[in-house]
Amino acid sequence: MLLVENIYCSYGNIEVLKGISFEIMQGQIVALIGANGAGKTTTLKAISGLMPVAKGSILFKGENITNLTPYKTVAKRIAQVPEGRQVFPELSVLDNLLLGGYSVKDKDRVRNQIDTMFRRFPRLKERKKQQAGTLSGGEQQMLAIGRALISEPELLLLDEPSMGLAPILVGEVFDIIEEIREQGTTILLVEQNAHMALNIADKAYVIQTGEIVLEGSGEEIVNNEEVRKAYLAE
Amino acid sequence: MKILLNKVKQHQVVLIFIFLLFTPFIVTNIYYLHLLNISLIMIILAIGLNLLTGYAGQISIGHAAFYGIGAYTSAILTIRLGISFWLALPLSGITAAFVGYLVGRPTLKLKGAYLAIASIGIGEITQLVMTNWTSFTGGALGIKGVKSPDFLGVSLDSDVRYFYLLVIIAFLCFFLTSRIINSELGRAFRAIKEEEVAAQFMGIDIARLKVMVFVVSTFLAGIAGSLFAHLEGYVSPYGFGFNQSIGFLIMILAGGLGYKSGPIIGVIILTFAREFFRFFNEYQLVIYGVLLISIIVFMPSGISGFFDKLMKRLKKREVSKHGKQHSEA
């Protein structure tokens, strides 16, 4: 579904991605794990068009989407939940969700999707008129995920969804991610919480200083000696 | 409940309109009425500036230039080319908006304060052109003899008659921007103001929308400029410079950024406060300054924001009181 081929990106003179390649199949959860500064978020930014790709190509369902502006990527039905949640803090919960449907022409569909989201996250319904910035961290993460799903994306990019959440909530977020996949959305998950990510991933890639150093099924990676040492603190 | 609230609002609007109809009979002092007219013109501009800054989060420090471009366009079109005011008015808006587009298009693509800087530049350039291109703009003396508009054979040559024209146009501009604010577009503007990156992930073409809001806002500034020229009867480079641009920003800031009533309240209060402080003679500006600082310190979200929050708090208290009574019963 998504084919990333040998991409290079740099911030000024510093090359942060040095030929990243990976593939995501329809219906999979693919995890991208690695230490801080390895290039995980940059990879997501390259896919969504926020970061210029100097070399290499990104194909989505066979179509070249390399260096497409972000709003056009969204129109191809690739949605992203940015790092650190980034809800619109002064807008209401409902406004946040409505913005999730900005790219959708059929507004009845947006209404339906919002109702579905409210059923899935009843807490958001209770607080729909509240400013999003007043929600708890967990609720904001649910809102950010819910908002991304309004446009019914085919591919969902999740950037550190567990960041800054209490352990119970992290579990809840990962349950939701699996649920989203069951409903037919393909997921690319970037995580520092490697353990949780590998548990639900069909396929995983380990990224180190801008290069993919290891790939395999979630299970294979979890059982890899080096990975256990480096990322799972065992 | 929502329908009821809308009805209340409709009643409010009708009441305000009726009140405005009688204003010229209440404000019989022609000087104050003239000041009210100037305020209405500045309200039209401030409504556009509030849309740009208060809702979409983009800062223009050169809005007086677009005000001036509108004023000069109208003066030149009506005097030199003999075009009717009713055609010159929209053309002034369009001319200002076109210049706005030329400035906004390259600068709004970039992140950060580029529009703010470029708008200072366009302000300076406009001043220079107005002052030095004497054959076209009349130089420092400006252009005299800008005629009052005719409406169905009646010349709107008095402040009373002009007042009604301004009220109608100001109302139209208010409704136009309110419609934008309440639409999906308005929501997208606020999203851009709050989190540009996240707004892009919503599929918002932020560069296009920023240019669009800047064009609307400069269009309103141009309309205001035209109305100003035909009220005063002349245009000159004074009053369209940097200080005036800052003055407009202060007005929407004091009124309350991102509140629909903000620009109206800000313009009226600051314009009339200055007049009332005249009585303090040389201390006038000092007291005006103290007023501004007090507003910013004690009402950081502006006058409208302050009262909006106050009302919400009162309503909340009432609701919780009612809730208690229910549970007690």
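These figures come from a predicted structure and were not determined experimentally. Each residue is numbered by its place in its chain's sequence as written, counting from 1. Working convention: letters from A go to chains and numbers from 1 go to ligands, in the order in which they are written. For a predicted model such as this one, the threshold for reporting local features is a pLDDT of at least 70, and the threshold for listing and counting side-chain atom pairs is 80 or more; totals across whole chains, interfaces and linings nevertheless cover every residue.

Colleague: How do you make sense of the overall build of chain A when you look at a structure like this?
Modeller: Within chain A, the regular secondary structure consists of 10 helices and 10 strands. For 234 residues, the compact-globule formula gives about 17 Å, and the C-alpha radius of gyration of chain A, at 17 Å, lands near that figure. Each principal axis of the C-alpha atoms in chain A carries an extent, and together these give about 45 × 40 × 30 Å. A residue is called partly exposed when the number of other C-beta atoms within 10 Å of its own lies between 12 and 20, exposed at 12 or fewer, and buried at 20 or more, with C-beta atoms placed from the backbone. Taken over 234 residues, chain A has a buried fraction of 45%. By definition, residues are in contact whenever their C-beta atoms, placed on the basis of the backbone, come within 7 Å of each other. The long-range share in chain A, meaning contacts at least 24 apart out of those at least 6 apart in sequence, stands at 66%. Secondary structure is summarised from DSSP: a helix means a run of H or I of at least four residues, a strand means a run of E of at least two, and numbering begins at the N terminus for each. Atoms considered for the radius of gyration are the C-alpha atoms alone. The globule rule reads 2.2 Å times the number of residues to the power 0.38.

Colleague: It is not clear to me how the interface of chain A and chain B should be interpreted in this structure. Could you clarify?
Modeller: It is common to give the size of an interface as the accessible area that goes away when the parts come together. Contact with chain A, which involves 20 residues of that partner, is made by 15 residues of chain B. Listed by contribution, the elements that provide at least two residues to the side of chain A that touches chain B are helix 2 (70–75) and helix 3 (93–100) of chain A. Following the grouping adopted for this structure description, the nonpolar residues are Ala, Val, Leu, Ile, Met, Phe, Trp, Tyr, Cys and Pro, the charged ones are Asp, Glu, Lys and Arg, and the polar ones are all others, Gly among them. Classifying every residue of the side of chain A that touches chain B by side-chain character gives 12 nonpolar, six polar and two charged.

Colleague: Looking at this structure, I do not really get the nonpolar core. What am I missing?
Modeller: Across soluble globular proteins, nonpolar side chains show a tendency to be buried alongside one another. The nonpolar core is taken to be a set of buried Ala, Val, Leu, Ile, Met, Phe, Trp, Tyr and Cys residues joined by way of C-beta atoms within 7 Å. Counting residues in each nonpolar core, the largest one holds 155 residues, and the members touching the most others are A31(A), L189(A), I44(B), L45(B), A46(B), L220(B) and A224(B). Looking at this core, the element that brings in the most residues is helix 10 (residues 206–232) of chain B, giving 15 residues. The contact partners of A46(B), leaving out residues within four places of it in the chain, are F248(B), M251(B), I252(B), P263(B), G266(B) and V267(B).

Colleague: How do you make sense of the pairing of strand 6 (residues 78–81) of chain A when you look at a structure like this?
Modeller: Side-chain positions along a regular strand alternate between the two faces of the sheet. Residues and elements named next belong to chain A. Across the two faces of strand 6 the burial is the same, with I78 and Q80 and A79 and V81 all buried. Here four bridges tie strand 6 to strand 7 (residues 155–159), and the two strands are oriented parallel to one another. Pairing of Q80 across the sheet is with L157, part of strand 7. Between any two strands, pairing holds if DSSP finds at least two bridges.

Colleague: What's the story with the environment of G218(A) in this structure? I'm lost.
Modeller: All names here are of chain A. Among the structural elements, G218 can be located in helix 9 (residues 218–223). A residue is classified by how many C-beta atoms lie within 10 Å of it, and G218, with 19 of them, is partly exposed. With near-sequence residues (within four places) excluded, G218 lies in contact with A31, L198, N199, A201, D202, K203 and A204.

Colleague: Sorry, what's going on with the sheet that holds strand 2 (residues 14–24) of chain A here?
Modeller: Strand pairing in a sheet relies on backbone hydrogen bonds. The paired strands run either parallel or antiparallel. Residue and element names in this part refer to chain A. Taking strand neighbours across the sheet as the criterion, the four strands line up as 2-1-4-5 in an open arrangement whose pairing is antiparallel. One side of each edge strand has no neighbouring strand; the edge strands of this open sheet are strand 2 and strand 5 (63–64). Two strands pair when backbone bridges link them, and strand 4 (residues 55–60) and strand 5 are joined in this way by two bridges, in the antiparallel orientation. What sits directly across from F60, in strand 5, is E63.

Colleague: It is not clear to me how unusual backbone geometry should be interpreted in this structure. Could you clarify?
Modeller: The general pattern is negative phi for most residues beyond glycine and trans for most peptide bonds. Residues and elements named next belong to chain A. Of note in the backbone geometry, K61 takes a positive phi value of approximately 50° without being a glycine. Residue placement: K61 occurs in the loop between strand 4 and strand 5. Looking at K61, the number of C-beta atoms within 10 Å reads 13, which means it is partly exposed. For R77, which is not glycine, the phi torsion reads 70° and is therefore positive.

Colleague: Whenever I open this one, the packing of helix 3 of chain A against helix 6 (residues 137–149) of chain A confuses me. Can you help?
Modeller: Each pair of packed helices gets described by two things: the angle between the helix axes and the distance between those axes. All names here are of chain A. Here an axis means a line fitted to C-alpha atoms, over the contact stretch when the element is a helix, while the angle between two N-to-C directions is reported on a 0 to 180 degree scale. Where helix 3 contacts helix 6, the axes come no closer than 7 Å and their chain directions differ by 35°. Seen from above, helix 3 lies across helix 6 with right-handed handedness. Packed against helix 3, whose contacting residues are V93, N96, L97, L99 and G100, the element helix 6 presents L143, G146, R147 and A148 at the interface. Residue composition of the contact of helix 3 with helix 6, by class: five nonpolar, three polar and one charged. Rotating anticlockwise by less than a right angle from the far helix to the near helix defines a left-handed crossing, while the corresponding clockwise rotation defines a right-handed one.

Colleague: I would appreciate a short explanation of the packing of helix 3 (residues 63–80) of chain B against helix 4 (residues 85–107) of chain B in the present structure.
Modeller: Residues and elements named next belong to chain B. Axis separation between helix 3 and helix 4 bottoms out at 8 Å; the angle between their running directions is 140°. One element, helix 3, and the other, helix 4, form an angle in the oblique class. As for the relative orientation of helix 3 and helix 4, their crossing is right-handed in sense. Counting all contacts with helix 3, which are made through F66, I69, G70, T73, S74, L77 and T78, the residues of helix 4 involved are F85, A88, L89, L91, S92, G93, T95, A96, V99 and G100. Looking at side-chain class alone, the contact of helix 3 with helix 4 contains nine nonpolar, eight polar and no charged residues. Roughly parallel refers to an angle under 35 degrees, roughly antiparallel to one over 145, roughly perpendicular to one between 65 and 115, and oblique to any angle outside these ranges.

Colleague: Explanation requested: the pairing of strand 10 (residues 211–217) of chain A in the structure shown.
Modeller: Of the strand pairs in this sheet, strand 9 (residues 203–208) of chain A and strand 10 of chain A are connected by six bridges, and their pairing is antiparallel. Bridging across to strand 10 of chain A, V206(A) finds its partner in L214(A).

Colleague: Hey, could you run me through the sheet that holds strand 3 (residues 29–33) of chain A in this one?
Modeller: Residues and elements named next belong to chain A. The six strands are arranged 6-7-8-3-9-10 in an open sheet whose pairing can be described as mixed. Pairing within the sheet leaves two strands with one partner each, and these edge strands are strand 6 and strand 10. Put simply, the sheet's adjacent strands are angled 15° from each other on average, direction ignored. Of the strands in this sheet, strand 6 and strand 7 touch helix 6, which is tilted by about 170° from strand 6.

Colleague: How do you make sense of helix 1 (residues 40–48) of chain A when you look at a structure like this?
Modeller: Every α-helix winds through 3.6 residues per turn, so residues three or four apart in the chain are directed the same way. Residue and element names in this part refer to chain A. The buried fraction of helix 1 amounts to eight of the nine residues, a majority that puts the element mostly inside the structure. All of the buried residues in helix 1 are K40, T42, T43, L44, K45, A46, I47 and S48. Looking one or two residues past helix 1, G49 carries a phi angle of roughly 90°, positive in sign.

Keep in mind these values describe shape, not function.
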